Amino acid sequence: MAGPIIRTEHLSRFFSTVKAVDDLSLEVPAGIVFGFLGPNGAGKTTTIHLLLGLLEPTQGQASVLGFDTRTQAHEIRTRIGALLEFAGLYERMTAEDNLDFYGRIYHVPAAERRARIKELLTHLDLWDRRKDPVGKWSRGMKQKLAVARALLHHPPLIFLDEPTAGFDPVAAATLRNDLTSLVAREGVTVFLNTHNLTEAEKLCAQVGVIRQGKLLTVGSPDELRVRTGGPQAEIVGDGFTDQTLALLRERPEVANVALHNSHLTIELRGESKIGPLVSLIVRSGGEVEEVRRGKASLEDVFLTLMEEENA
Amino acid sequence: MSDILTMVWKESKDVLFQGGWKSLLRPLIMIGIMGIYLPLQLGSQWLGLTPLAMVLLLWIPFFVIISFIGDVIAGERERHTLETLLASRMPDRAILLGKVIAIVLYAWGMGVISLLLGLVLVDLFRTQGNWMFYPLDLFVDALVLILLASVLAASAGVLVSLKVATVRQAQQILSVGTIVFVFGSVFVLRAVPASVYSSLSYSQFLLIVMAVIAVLDAILLGLSLMSFQRSRLILS
C-alpha cells in the first residue's frame, strides 16, 4: 500500500483523569520494524489497543492499513497479527492445536494451514514438540510459538507488545534472532512495543519515544542520536581533575563533559578530532589508558529525552 | 457459522475433552449417577418419566454447566488468552455463541446418554423382559426441557462469569445461584393453587414450564450477547 501503514492524528485516550495516550500523531511506513519505546505505564499498550480498535479513542483518529480504527476495526483485525502483553496461548492444548485454532479463525484452508504450521514450527525448532501441551513448555518456547501464531495467516502487519519482557539475556537474544529472521523472510511491518533499548537498537529502523502518553520524538536511531547528542569520545584513565574538566569545557568542539569513576565521556560538536583533547588532558596531569570514539547509544538518547522531559 | 464452529472445536479441545482419559472421568461419574444408579433405583417411575424423574434429569445441565462455564469465560480472562482472541478477527457474537453452544451440546448430550442408558438398564433389569420405551411425547418433552435448561444455565453462567475475576468465584456464585433457583422454583410451584394443577394435564404443565424457561433463556442470552463486547472486556 502507498503511504504509511499506520497513521494517527491527535489520537488520545483518557481513563477518567489519566491521559493514557495524549495527542499522539504518528506515521509508520510499511516494511520496517517500528519500535515504540517508553517506560512502563507510558501508554504503549493502550496505543496498540487503540490501533486494533479494541478501545475507542477519546479524541483524534487513527488508521491502520488504510482502515479507520473506529469504524473498520474488524477489517484491521482480519489483516493483522498480534502478540500482546501475554502470549495468550491455550496451555492445555498442543502447540499444533493452538496454531490450528488461529488458522481456522483466519479461514486459512486446511491443507495450507497444515503446511504453514509445519513451516513455522520447523523454522523455530519447535516441530518435534508440536504434540506437547503448551503448558509444559519454557517461557521462551511459548513466546516463539506466539510469534508463529501472529504470522500464521501471512499478515502484512504485526503488533508485538514487549515480546522479550521478563526474559533472561540468552532467551531474549534467541527470540530476537528468531524474530529478526522471520520478519525478514516474511517481509512484514512490525509495530514493536518495548522498553528494552538494546532490542530496539538491534531490530528497529525507526523508533518513537512515548512518555506519560505523549510522543516525545520519532526517527531512526541515528537521527535521534544526532538530535539528542552528537558523537562522543570516551577516555579511560586516571587523574582527571576538576581543572581538566573545566579546560575541556572551554574548548569550542566540546559540547559536554561527564566523569563517571575513571571514564570521561566527552560529547563533541560535529566530527571533531580527539587528538588535541587528549593532549590537553595529558598536559593537565591526566593519565590516558584508552580512547574510544563512539556515538550515543539509544539508551543515552532515551535517558536524555526523559531528563529533558523531567526538566 | 464457521466462526461459531471454530469456537466449538476450540472449546472441545481446550475445556471439554482436555487431559486425555482423565477428561472422561467427570462425564462418566455423571452418567453413572444419572444414567445407571437413579434409573435402577426409580425403575418404572424412570421409564414413565414421572415428575420426579423429570426433575432429576433437569439437574444434569446445571451440574455440568456450573463446572465448565466459568472455565470457558472467566477462565479465558484469568489465563490471559481472551485479550489475544479479542485482537483477532473472531466476532464477539461468534466467540460467545461458540462457547455457549459447545457447553450446551455437551450438557444436552449427557442428558440424552443418561436417558437412553437408563432406558436400556431399566428394561434389562426391571421389566422382566418386557421391552418398553418412554412415552414418546414425554421423551420429546424431556429432550427439549434438558436443552432449554442447558441454555438457561449457560446464559446465567456467562453473565456471572463476565462479572467475576476468577473461575472459582464464578463456580461458587453459580452453585449458590442454582440452589436458590431450584428452591425458588419449588416455592413458586407450591404457591400455585391446587385447582390449577388439577385443570392441567402433565403434558400441558410441562409445556408451560418449557415456555417459562424459553422466555428466561431469551432474556438471559440476550443480556449475555449485549454484555459480551470487546470494548468492555478489554477494560475488565
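Before reading further, recall that the structure is shown in the block above.
These figures come from a predicted structure and were not determined experimentally. (Residues numbered from 1 in each chain as written. Chains lettered and ligands numbered in written order. Predicted model: local features only at pLDDT ≥ 70, side-chain atom pairs only at ≥ 80, totals over all residues.)

Undergrad: Whenever I open this one, the overall build of chain B confuses me. Can you help?
TA: Tallying secondary structure elements over chain B gives 11 helices and 0 strands in all. Scanning chain B from its N terminus toward the C terminus, one meets helices and strands in the order α-α-α-α-α-α-α-α-α-α-α. A globule of 236 residues ought to have a C-alpha radius of gyration of about 18 Å, and chain B, at 19 Å, matches this closely. Referenced to the eigenvectors of the C-alpha coordinate spread, the extents of chain B come out at roughly 60 × 45 × 30 Å. Residues classed as buried in chain B amount to 39% of the 236 residues present. A fraction of 88% describes how many contacts in chain B between residues 6 or more apart in sequence connect residues 24 or more apart. (Helix = DSSP H or I, 4+ residues; strand = E, 2+ residues; numbered from the N terminus. Rg over C-alpha atoms; globule rule 2.2 N^0.38 Å. Buried ≥ 20, exposed ≤ 12 C-beta atoms within 10 Å, placed from the backbone. Contact = placed C-beta atoms within 7 Å.)

Undergrad: What's the story with the sheet that holds strand β4 (residues 59-64) of chain A in this structure? I'm lost.
TA: Residue and element names in this part refer to chain A. Taken together, the 4 strands give an open sheet; going across it, the order is β2-β1-β4-β5, and neighbouring strands pair in antiparallel fashion. The sheet is open, and its two borders are formed by β2 (18-28) and β5 (67-68), each paired with just one other strand. Pairing of β4 with β5 involves 2 bridges; the strand directions are antiparallel. Counterpart to Ser63 in the pairing with β5 is Asp68. Those strands touched by helix α1 (residues 44-51) are β1 (6-15), β2 and β4, and its axis lies near 65° from that of β2. (Pairing = 2+ DSSP bridges. Axes fitted to C-alpha atoms, helices over the stretch in contact; angles between N-to-C directions.)

Undergrad: Sorry if this is basic, but what is going on with the interface of chain A and chain B here?
TA: Where interface size is given, it is often the accessible area lost as the parts come together that is meant. Taken together, the 23 residues of chain A in the interface contact 19 residues of chain B. At the level of elements, α2 (73-79) and α3 (95-105) of chain A are the ones that each hand at least two residues to the side of chain A that touches chain B. Residue contributions to the side of chain A that touches chain B peak at 5 residues, all from α3 of chain A. The class makeup of the residues in the side of chain A that touches chain B is 13 nonpolar, 4 polar and 6 charged. (Nonpolar A, V, L, I, M, F, W, Y, C, P; charged D, E, K, R; others polar.)

Undergrad: When you look at the nonpolar core in this model, what are you seeing that I'm missing?
TA: Soluble globular proteins tend to pack their nonpolar side chains together in the buried interior. In this structure, Ile158 of chain A together with Ile65 and Ile103 of chain B are the most contacted members of the largest nonpolar core, which totals 135 residues. One finds Phe240, Ile266, Leu277 and Ile281 of chain A within the second-largest nonpolar core, a separate group that totals 10 residues. (Core = buried A, V, L, I, M, F, W, Y, C linked by C-beta atoms within 7 Å.)

Undergrad: What's the story with the pairing of strand β13 (residues 263-268) of chain A in this structure? I'm lost.
TA: Two faces belong to every sheet, and in a regular strand the side chains alternate between them. Residues and elements named next belong to chain A. Burial along β13 is one-sided: Leu264, Ile266 and Leu268 are buried, and none of His263, Thr265 and Glu267, which face the opposite way, are. One ladder, built from 5 bridges, connects strand β11 (residues 231-238) with β13; its direction is antiparallel. Each bridged residue has a counterpart across the sheet, and for Ile235 the counterpart in β13 is Leu264. Pairing of strand β12 (residues 254-260) with β13, which is carried by 6 bridges, proceeds in the antiparallel orientation. The residue of β13 that forms the bridge with Asn256 is Glu267. Between the antiparallel neighbours β12 and β13 lie 2 residues, among them Asn261 with a positive phi of about 55°.

Undergrad: Honestly, helix α2 (residues 25-42) of chain B in this entry has me stumped. Any pointers?
TA: All names here are of chain B. Relative to the 26 Å expected for 18 residues at 1.5 Å per residue, α2 spans 24 Å between its end C-alpha atoms, a close match to the ideal helical length. Approximately 30° is the largest bend angle found in α2, and it occurs at Gly32. Buried residues of α2: Met30, Met34, Gly35 and Pro39, and no others. In this fold, the buried residues of α2 make contact with α3 (44-47), α4 (51-78) and α6 (92-126). Positioned one or two residues after α2, Gly43 has a phi angle of 60°, which is positive. (Expected span 1.5 Å × (residues − 1). Bend = angle between axes of the 7 residues up to and from the residue.)

Undergrad: I keep staring at unusual backbone geometry and nothing clicks. Help me out?
TA: Residues other than glycine predominantly adopt negative phi, and peptide bonds predominantly adopt the trans conformation. Residues and elements named next belong to chain A. Notably, His154 is not glycine yet its phi reads approximately 55°, a positive angle. If you trace the backbone, His154 turns up in the loop between α5 (139-151) and β7 (157-161). Of note, Glu162 is a non-glycine position whose phi angle comes to about 50°, a positive value. With respect to the helices and strands, the residue Glu162 is situated in the loop between β7 and α6 (169-186). Given 20 C-beta atoms within a 10 Å radius, Glu162 is considered buried.

Undergrad: Can you help me understand the pairing of strand β10 (residues 214-219) of chain A in this one?
TA: Residue and element names in this part refer to chain A. Relative to β10, strand β9 (residues 206-211) runs antiparallel, the two sharing 5 bridges. If you follow Arg211 over to β10, its bridge partner there is Lys214. Counting the residues in the hairpin turn of β9 and β10 gives 2 residues, including Gln212, whose phi is positive at 50°.

Undergrad: Help me understand the environment of Asp161 of chain A in this model?
TA: All names here are of chain A. Within the fold, Asp161 resides in strand β7. Take Asp161: there are 22 C-beta atoms within 10 Å of it, and that puts it in the buried class. With 37 residues separating them along the chain, Asp161 and Leu124 place their C-alpha atoms 19 Å apart. Setting aside residues up to four positions removed in sequence, Asp161 forms contacts with Thr45, Ile48, Leu83, Leu84, Glu85 and Asn193.

Undergrad: Before we go on, may I ask you to explain the packing of α2 of chain B against α4 of chain B in this structure?
TA: What describes two packed helices is the angle between their axes and the distance between those same axes. Residues and elements named next belong to chain B. It is the contact of α2 with α4, at a shortest axis distance of 11 Å, that shows an interaxial angle of 170°. Relative to α4, α2 is oriented roughly antiparallel. Where α2 approaches α4, its residues Arg26, Met30, Met34, Leu38 and Leu42 are matched on the opposing element by Leu52, Ala53, Leu56, Ile60, Phe63, Val64 and Ser67. When grouped by side-chain class, the residues that make up the contact of α2 with α4 number 10 nonpolar, 1 polar and 1 charged. (Parallel < 35°, antiparallel > 145°, perpendicular 65-115°, else oblique.)

Undergrad: Help me understand the environment of Ile179 of chain B in this model?
TA: Here Ile179 of chain B is to be found in helix α8 (residues 167-191). Along the chain, Ile179 of chain B and Phe62 of chain B lie 117 residues apart, while their C-alpha atoms are 9.9 Å from each other.

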